[in-house]
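Working through the structure, step by step
Residues per chain are reported as follows:
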Amino acid sequence: MKIHRTFLLAAWAAFALGPFLSGETRPNLLFILVDDQRNDELGCAGDPYIQTPHIDRLASGGVRFRNMFVTTSICAASRASIFTGLTERSHGYTFGKPAVSAANSATSYPAVLKKAGYRTGFFGKYGVGIQQDQQSPMFDEMQNLHRSPYFKKQKDGTLRHVDELVGDKAVEFLQTQPSGQPFCLSLSFNIAHAEDGDKRPGIGHYPWPKAVDGMYAEGEVPLPRLRDPAIFDAHPDFLRNSMNRDRYFWRWDTPEKYDANLRARFRMLAGMDGIVGRVLGALDAGGFAENTVVFYTADNGYYRAERGFAGKWSHFEQSLRVPLVIFDPRAPKEMRGRVVDPIALNIDLPATMLDLAGVDIPEKYQGRSLKPILVGESSPQWREDFFCEHLMNHGAIPMWEGVRGTRYKYAKYIAQDPPYEFLHDLEADPDELKNFAGDSAYAAILGELREKTDAYAKEYSNPERPVTLTKSKSAAKSKAILESKPDSQGVYHFERDGFALLGITPSLGLEDNYTWEFEAKVMPGNPAGAVLLGNRETPGVAGLNFMKATASRGVQFFGGTQGKSLRLPMSLPTGKWVKVHIRKTGKQVEVSVNGKPQASGQLAFPLPAMPCYLGGDPKSPQESASCEIRNAKASSGG
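Residues numbered from 1 in each chain as written. Predicted model: local features only at pLDDT ≥ 70, side-chain atom pairs only at ≥ 80, totals over all residues. Heavy atoms only, no water.

Let us now look at the nonpolar core. Residues Phe65 and Tyr109 are the most contacted members of the largest nonpolar core, which totals 120 residues. Each residue touching Tyr109, except ones within four places of it in the same chain, is listed here: Phe31, Ile82, Phe83, Cys184, Ser186, Pro350, Met353, Leu354 and Tyr365. In terms of nonpolar packing, the next biggest core, distinct from the first, is built from 37 residues, Trp516, Val591, Phe605 and Ala625 among them. (Core = buried A, V, L, I, M, F, W, Y, C linked by side-chain atoms within 4.5 Å. Buried < 20%, exposed > 50% of the residue type's maximum accessible area, 1.4 Å probe, protein only. Contact = heavy atoms within 4.5 Å.)

The structure is reproduced here in structure tokens:
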């Protein structure tokens, strides 16, 4: 892979041409945003596997922020925060919410820069709801280039990776840049987001550009450091049953899937780095290298099977921390190649770009310009903590709010009843494996962070877009602990408020035969993770074992003591009676619906004896179903 050293050499040669950040010539701005990349997934951040030579060279000549965070770890809200300089609670945008308001679009960094005379361009994944009439004031040129699929068919019939098209558009923008006008070019990669609709391991789930075919084919890939099943088992039920766990089974749950997907993800990041190199080469060829400040960051972090999770969303470090490199070619030699510790946030990025451009920063911005850190002020007054949250109203992604400081982190999952609190001491327990919220020695810290969280939430609240808090399904605990009885026709009616004990499933070895069967009518509004039939309680056994059947997520066997799983897809219609049959014949497990096979697989672990429930589990009320069930039975034998 060719590294565009000419870009950096040309830029560094310009140090003697004028004062650093003097404002005499307005700098160009190149803003690069990556999807789903956490802070340590760069060569310059110490990763021994990932090859990112172009980003590494930007870091060697610029400033890398070791403690860069997003205030909300999901693409929609985070990207809106980057545009507007506001937290999610203030701009009010995430999936399922109305578009960013016209007032906030008008003060977005591209709108302010365009009004100040900059030529503005955006190419790549947009990912933010912006009113149609607000896009023209923001961008001179804009094209939303989104994955699904990653490979786009061209006029000549060939396929081209969507992010290669992003690079093409960036080069075209630079080649048509008029002289005498500064520009702000924003590039938003789809890499390294998985193709969620394609579960095939490797290039199906993580499609890489063809230019990096063959990379990472040899050698071992690193195992997740926090992979002990006990770490996952220690999570509360609402996290064990969240989308973080669902997508784990899409990506990481078998050694073969993990190996193929991680190699593919590494190729994606290497391919993205190559595209960045091509854009840097175009900067150099156009004569822009000596006056273009380059920003490189990501929209949220990412779990690569750590804690038994995939995705992002929750409050742990892997989810919140992202890379940030800022390369300013006008910097003097002594300011280059630094790694700095102050906390930086995604909401700081627009203020920083405007400050470097010499443009007034809107007073409404909640972030701060990072310019004092870039210029090496000896002791700038800086933040000691920040407010973070996740307010998307989704049954499988728990809502939370909290404060992350230099030593302590507090997170309150607000849709639980009562709210569930985490308190982490990052000095004593940097891996966040202990929850100190119940430790009396931390009572004062807990109280302080509770108050600080409430104060931030009040300060940032948008009265025009108040937070809609739908209580988690576990909030129905007063009803969910009630055992349901069948009606006179033998039909159980579950309305998110009960369960029925079918009996005790005996201990099942790998050679034993067993069947579960039932008829179900799934009602509208039944949650995707609601248990129609299953067992999660494991008396006297260390670790969580279970078998469960859900209407849309399928049938799952999980051996917590073995750290293994078997997941069999199944989808049941709404409002119709269907018969489900789950048959274990030795290691082979088959699922059928109305007599038609749905899925089959090999069970690699025994199951201990445990209760079997219908309609939910009294220990996990958030999994309660909205359905009717009849003719349920379980028995030994084929």
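So, about the pairing of strand β18 (residues 420-425). Most of β18 sits out of view: five of its six residues are buried. Examined bridge by bridge, strand β17 (residues 408-413) and β18 share six bridges and lie antiparallel to one another. By the bridge assignment, Tyr408 is partnered in β18 with Asp425. Count of turn residues in the β17/β18 antiparallel hairpin: six residues. (Helix = DSSP H or I, 4+ residues; strand = E, 2+ residues; numbered from the N terminus. Pairing = 2+ DSSP bridges.)

With that settled, the discussion passes to the sheet that holds strand β13 (residues 338-340). One open sheet accounts for eight strands, arranged β5-β4-β8-β1-β9-β12-β2-β13; its pairing is mixed. At either margin of the open sheet sits one strand with a lone partner, and together these are β5 (141-144) and β13. Sheet twist, expressed as the average angle between the axes of neighbouring strands with direction ignored, equals 15°. Relative to β5, strand β4 (residues 119-124) runs parallel, the two being bridged by four bridges. Pairing of Phe122 across the sheet is with Met142, part of β5. Sheet strands touched by helix α2 (residues 53-60): β2 (63-65), β9 (292-298) and β12 (324-327). Its angle to β12, the strand with the most contacts, is close to 65°. Contacting β1 (28-34), β8 (183-188) and β9, helix α12 (residues 255-285) runs over the sheet at an angle of about 170° to β1. (Axes fitted to C-alpha atoms, helices over the stretch in contact; angles between N-to-C directions.)

Between Ser148 and Pro149 the backbone carries a cis peptide bond, its omega angle lying at 5°. Here Pro149 shows up in the loop between β5 and β6 (151-153). Here the amide bond leading from Asp417 into Pro418 is cis, since omega sits at 0°, within 30 degrees of zero. Phi at Asp36 is positive, roughly 60°, even though this residue is not glycine. Take Asp36: it is sitting in the loop between β1 and α2. Despite not being glycine, Tyr216 has its phi angle at roughly 60°, a positive value. The topology assignment puts Tyr216 in the loop between β8 and α9 (229-233).

For the rest of this paragraph, the subject is the packing of aromatic side chains. In the structure shown here, the tally under the stated rule is 36 aromatic pairs. Aromatic side chains Phe31 and Phe295 sit 6.3 Å apart centroid to centroid with 55° between the ring planes, which places their arrangement in the tilted category. Of this pair, Phe31 sits in strand β1 while Phe295 sits in strand β9, and the two are 264 residues apart along the sequence. Look at Tyr456 and Tyr460: their rings are 5.7 Å apart centre to centre, the planes differ by 25°, and that puts the pair in the stacked class. Of this pair, Tyr456 and Tyr460 both sit in helix α16 (residues 443-460), four residues apart, which is roughly one turn of the helix. Exposure remark for Tyr456: the relative accessible area of 17% places this residue in the buried category. A residue is classified by how much of its surface remains accessible, and Tyr460, at 10% relative accessible area, is buried. Aromatic ring contacts, followed pair by pair, group Phe31, Phe83, Tyr109, Phe122, Tyr126, Phe139 and Phe295 into a single cluster. Over the ring of Phe173 we find Arg119, and its NZ or CZ is 3.8 Å from the ring centre. (Phe/Tyr/Trp six-rings, centres within 6.5 Å; stacked < 30°, edge-to-face > 60°. Lys NZ or Arg CZ within 6 Å of the ring centre and 35° of its normal.)

Right, let's talk about the side chain of Thr120 for a bit. Locating Thr120 in the fold gives a position in strand β4. Residue class for Thr120 comes out buried when judged on its relative accessible area of 1%. Residues within four places of Thr120 in sequence aside, it is in contact with Pro110, Leu113, Lys114, Met138, Phe139, Asp140, Glu141, Phe173 and Cys184.

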